[in-house]
Amino acid sequence: MEPSRLKERPAADRRMIKFVLMVNRQGQTRLSRYYHSVELSRRAALEADVVRYCLSRKKDQCSFVEYKDFKLVYRQYAALYIVVGITDSENELSIYELVHNFVEVLDKYFSRVSELDIMFNLDRVHIILDEMIQNGHIVETNKSRILAPLTAIDKMVES
């Protein structure tokens, strides 16, 4: 008899983004998107803990951190931090570059994005993020294709 094995999850399930947070230096969340289920009552505590953990690190420390049962990849842009929670098997460098690409797309759309742009155009920021990441997986990195839906919406609004 062959020993029973635990059924392995498909590779797509093992490598994924769990959440994306955008926070300011005061720890206020400006954007949050979850790609796995987290109870609403636990989200605030998770966000506060993750933000406190990342903000307490020094600038010369690595931007990849093991945290509980997943990893955090974060980057600081001016007064904003973008924090991405990923599974252990996800590639940290690809997520680090994804964060930079996300900021470049925001810069292209908003012409030098600021915290106020994010606060007052949260719907548009979510559209950009949704064009890049779906179900916790990176689906698009081309800036023009990411911005195509917003360009179409803006043209409809203008006419």
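Residues numbered from 1 in each chain as written. Predicted model: local features only at pLDDT ≥ 70, side-chain atom pairs only at ≥ 80, totals over all residues. Heavy atoms only, no water.

Q: Explanation requested: the confidence of the model for the protein chain in the structure shown.
A: A low pLDDT score tells you not to read the predicted coordinates there in detail. Confidence in the prediction for the protein chain averages 90 pLDDT; 92% of positions are at 70 or higher. The low-confidence segment residues 3–7, where pLDDT is below 50, has 0 contacts with residues more than four positions distant or belonging to other chains. (pLDDT = per-residue confidence, 0-100. Contact = heavy atoms within 4.5 Å.)

Q: I keep staring at the pairing of strand β1 (residues 17–24) and nothing clicks. Help me out?
A: β1 sits mainly inside the fold: 8 of its 8 residues count as buried. As paired elements, β1 and strand β5 (residues 80–86) share 7 bridges and run antiparallel to each other. Bridging from a neighbouring strand, V20 pairs with V84 of β5. Bridge count for β1 against strand β2 (residues 29–34) is 5 bridges, and the pairing is antiparallel. Counterpart to L21 in the pairing with β2 is S32. (Buried < 20%, exposed > 50% of the residue type's maximum accessible area, 1.4 Å probe, protein only. Helix = DSSP H or I, 4+ residues; strand = E, 2+ residues; numbered from the N terminus. Pairing = 2+ DSSP bridges.)

Q: It is not clear to me how the layout of surface pockets should be interpreted in this structure. Could you clarify?
A: The gaps of empty space that remain are located by a probe, the size of a water molecule, rolled over the atoms. By volume, the largest pocket amounts to about 250 Å³. Y77, A78, L80, V113 and S114 are the residues nearest the centre of the largest pocket, which is lined by 14 residues in total. Looking at the lining of the largest pocket, the elements with two or more residues in it are β5, α3 (92–110) and α4 (115–120). Examining the composition of the lining of the largest pocket, we find that 3 residues originate from one element, α3, more than from any other. Classifying every residue of the lining of the largest pocket gives 10 nonpolar, 1 polar and 3 charged. (1 Å grid on protein atoms, 1.4 Å probe; cavity = no way out; pocket = protein on both sides within 12 Å on 5 of 7 lines; lining within 4 Å. Points joined across faces, edges and corners; volume = space filled by probe spheres on them. Nonpolar A, V, L, I, M, F, W, Y, C, P; charged D, E, K, R; others polar.)

Q: Would you take a moment to explain empty space enclosed by the protein for this structure?
A: In this structure the tally under the stated criterion is 1 cavity of 30 Å³ or more. For the largest cavity, the calculated volume is near 60 Å³. Surrounding the largest cavity, I17, V20, I82, V84, L98, V99, F102, L129, M132 and I133 form its lining. Contributions of two or more residues to the lining of the largest cavity are made by β1, β5, α3 and α5 (122–132). Ranked by the residues each element gives to the lining of the largest cavity, the list is headed by α3, at 3 residues. Counted by class, the lining of the largest cavity contains 10 nonpolar, no polar and no charged residues.

Q: In this structure, what is going on with the side chain of R75? I would like to understand it.
A: Structurally, the position occupied by R75 is in strand β4 (residues 70–77). Although R75 lies buried, it forms no salt bridge, and the closest oppositely charged side chain, E97, sits 4.1 Å away as judged by the N-O distance. A polar contact is formed between the side chain of R75 and the side chain of Y77, at a distance of 3.1 Å. If we skip the residues at most four places from it in the chain, R75 touches L80, Y81, I82, Y96, E97, V99 and H100. (Lys, Arg positive; Asp, Glu negative; His and termini not counted. Salt bridge = Lys/Arg side-chain N within 4 Å of Asp/Glu carboxyl O. Polar contact = N/O pair within 3.5 Å; in protein donor to acceptor, adjacent residues only side chain to side chain.)

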